[in-house]
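Understanding the architecture of this molecule
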Amino acid sequence: MATTGRRAPDGRLLAVAAAYAVVQLCYAVAHMDLGWDETVYLSQVDPRHPAAFFSAPRSRGVSFLVAPVVAVTPSVPVLRVVLVLLSSAALYAAFRVWDPLVGRVRVALAALLFATLWITVLSGPEVMPNLWIALSAVAAVGWFLRTRGDGRRRALAGLTATLAAAALFRAPDAVWLALPLLAVCAAAPEWRRPGTVAAVLGGLALGGVQWAVEAYVRFGGIGNRLSLSSGTEGGMGAHLGAGLRAAYRSLNGPQLCRPCHIAGPSPTHALWWLLLPVLVVAACAVGRREERAVTLLPIACAVALAVPYVLLLDYSAPRFLLPVYALLSLPVAGLVVRVARGRRAVTGVVCVVLAAHGAVQLKELRLNTADARDTTVRYRRAAQELGRLGVRAPCLVTGPRAQPIAYEAGCASAETMGNNRSTTVRGIVDAASTMPVAILYDPRDPYVPAYARAWRVHGLPGTDWAVYVSVR
């Protein structure tokens, strides 16, 4: 298996990456306004806005990724376009690592299978970490497999760098990704080399050092940060049935299903997901003996990355399983190529199936971008109304949905309860003596803090919310 030498760019894979960029620009970028989690990540590096509370489960990799853009411009469209270009280039780079391992046709097909999922397209221009973890995982597993061949030094460097990237984007996920790699190092003589183990552990350490330092500085240590993360996630534990049901129900949205009591997707729009385990098993069955590693290792890493999201949580979001889909696209592509090779009729059927699958994903993409746009438009309307009411920087917003609305309004945000608790009632009252303070609330909820009952109350046109504004 040759892994050395520079090869010419892969035209098929380049075409997939270019098409991925075009689809993002045509559909995903249409919902231009910023989502809740995006404002949290952006506020950490945006010099024009106060930083929002950064909870224990989060990692700062995606904030670092967008920092150069927001340092130059506050334009959200510019940010979206830059992320489209970066995600498309990263898709190409991650899957091209597999070129010497499985060949260009399989690599391009795997990238196509992953890139045509609606959640992959929607995630490309978003300031969210999951897609970047997925692409880092694809590259890391490919580099790991290439460490047994020629060009070992380059493969070790690639493995270290991509695992470090995964840890920077989400440290716990990088640990789950590394577990099967370390198991292979222990069990397989061809990978049982000190350099390979050092590359895996070094990548985790290099990417995770910031997360670990922050754990001690802000959360009282790594153990305490993990405990706080579990609490924020609703108590990570043995939610065997609930997590899998939530993942299925949220397959086609909403983007966060918590609590996840919605009905499941229609069978026609979930068929690919239900068939995925069958296709993976079939890929293992028909794979050649000499290709066992390139088939089984991405599957093992995909299973490991799925564990915390389908077994340890009782809610879900479609983006959580992006790394799983990315890794499983490789053995599934191998199965399709093997079955269709030299059979025109089978190739034709495969093309029809892929076209139908693409049509389903495009429909879901349109529905979810419209839903995201409707939500974020309400955030912007609320922020504009706050400005009309005199809530301008420096200012403070609290209550449900405070963070995204505060970011749009240029205010700080704070909560006195819940997962994002960052202040006290006394802190809110003290702030009201020096700056405008707004308390968002749902008119259907009769509870209003005692200290705000003398404040002015206003409806927020174009939303279902109202606000109490401090009187100064």
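Reference entry: report on the structure contained in this document. Computed from a prediction, not measured in an experiment: that's the story for all the values here.

Cut-offs and rules
- Residues numbered from 1 in each chain as written.
- Predicted model: local features only at pLDDT ≥ 70, side-chain atom pairs only at ≥ 80, totals over all residues.
- Heavy atoms only, no water.
- Helix = DSSP H or I, 4+ residues; strand = E, 2+ residues; numbered from the N terminus.
- Expected span 1.5 Å × (residues − 1).
- Buried < 20%, exposed > 50% of the residue type's maximum accessible area, 1.4 Å probe, protein only.
- Arc of directions from axis to C-beta.
- Core = buried A, V, L, I, M, F, W, Y, C linked by side-chain atoms within 4.5 Å.
- Contact = heavy atoms within 4.5 Å.
- Disulfide = S-S within 2.5 Å.
- Axes fitted to C-alpha atoms, helices over the stretch in contact; angles between N-to-C directions.
- Parallel < 35°, antiparallel > 145°, perpendicular 65-115°, else oblique.
- Nonpolar A, V, L, I, M, F, W, Y, C, P; charged D, E, K, R; others polar.
- Patch = residues over 30% accessible without salt bridge, like charges linked within 9 Å, V, L, I, M, F, W, Y side chains within 5 Å.
- Areas by Shrake-Rupley, 256 points an atom, 1.4 Å probe, with all protein chains shown as cover.
- Salt bridge = Lys/Arg side-chain N within 4 Å of Asp/Glu carboxyl O.
- 1 Å grid on protein atoms, 1.4 Å probe; cavity = no way out; pocket = protein on both sides within 12 Å on 5 of 7 lines; lining within 4 Å.
- Points joined across faces, edges and corners; volume = space filled by probe spheres on them.
- Pairing = 2+ DSSP bridges.

1. Quick word on helix 8 (residues 130-146)
Between its terminal C-alpha atoms helix 8 stretches 25 Å, which fits the 24 Å expected from 17 residues at 1.5 Å a residue. Summarising burial for helix 8: 17 of the 17 residues are buried, a large majority.

2. Points about helix 12 (residues 222-232)
Those residues of helix 12 lying buried are Arg 225, Ser 229, Ser 230 and Thr 232. Projected down its long axis, helix 12 carries its buried residues within an arc of 160°, all on one side. In the segment just after helix 12, Gly 234 is the residue with positive phi, at about 90°.

3. Overview of the nonpolar core
Residues Phe 95, Trp 98 and Phe 114 are the most contacted members of the largest nonpolar core, which totals 103 residues. The residues contacting Trp 98, other than those within four sequence positions of it, are Gly 103, Val 107, Val 138, Val 141, Gly 142, Leu 145, Val 294, Pro 298 and Leu 330. Counting 19 residues, the second-largest nonpolar core is a separate cluster that includes Ala 383, Leu 386, Leu 460 and Val 467.

4. Considering the state of the cysteines
Applying the stated rule across the entire model yields two disulfides. A sulfur-sulfur separation of 1.9 Å characterises the disulfide bridge that pairs Cys 395 with Cys 411. Judged by the torsion about the S-S bond (-85°), the Cys 395/Cys 411 disulfide is left-handed. Here the residue Cys 395 occupies a position in the loop between helix 17 (344-388) and strand 1 (396-398), and Cys 411 occupies one in the loop between helix 18 (402-409) and strand 2 (412-413), the gap between them amounting to 16 residues. Taking the relative accessible area as the measure of exposure, Cys 395 reaches 3% and is therefore buried.

5. Describing the packing of helix 11 (residues 194-218) against helix 12
At their nearest, the axes of helix 11 and helix 12 sit 8 Å apart, and the two run at 90° to each other. With respect to helix 12, the axis of helix 11 lies roughly perpendicular. Every residue of helix 12 that contacts helix 11 at Trp 211, Ala 212, Glu 214, Ala 215 and Tyr 216 is listed here: Ile 222, Arg 225 and Leu 226. Looking at the contact of helix 11 with helix 12, its residues break down into six nonpolar, no polar and two charged.

6. What about a nonpolar patch on the surface?
Among the surface-exposed residues, Leu 271, Leu 275, Val 278 and Leu 279 lie close enough to one another that they form a single nonpolar patch of about 330 Å² accessible area. Residue position: Leu 279 is located in helix 14 (residues 267-286). You can call Leu 279 partly exposed: its relative accessible area is 32%.

7. A word on the layout of surface pockets
Of the volumes computed, that of the second largest pocket is approximately 670 Å³. Lining the second largest pocket are 23 residues, and of these Trp 272, Leu 279, Val 353, Leu 354 and His 357 sit closest to its centre. When contributions to the lining of the second largest pocket are tallied by element, the ones reaching two or more residues are helix 6 (104-115), helix 14, helix 16 (322-340) and helix 17. At seven residues, helix 17 tops the list of elements feeding residues into the lining of the second largest pocket.

8. Notes on the sheet that holds strand 3 (residues 437-441)
Either a parallel or an antiparallel arrangement is found when strands of a sheet pair, and the pairing is made through backbone hydrogen bonds. Pairing is mixed across the open sheet formed by five strands, whose spatial order is 2-1-3-5-4. With partners counted over all chains shown, the strands left at the sheet margins are strand 2 and strand 4 (456-459), one partner each. Taken together, the two bridges between strand 1 and strand 2 define a ladder with parallel strand orientation. Bridge pairing in strand 2 places Val 397 opposite Ser 413.

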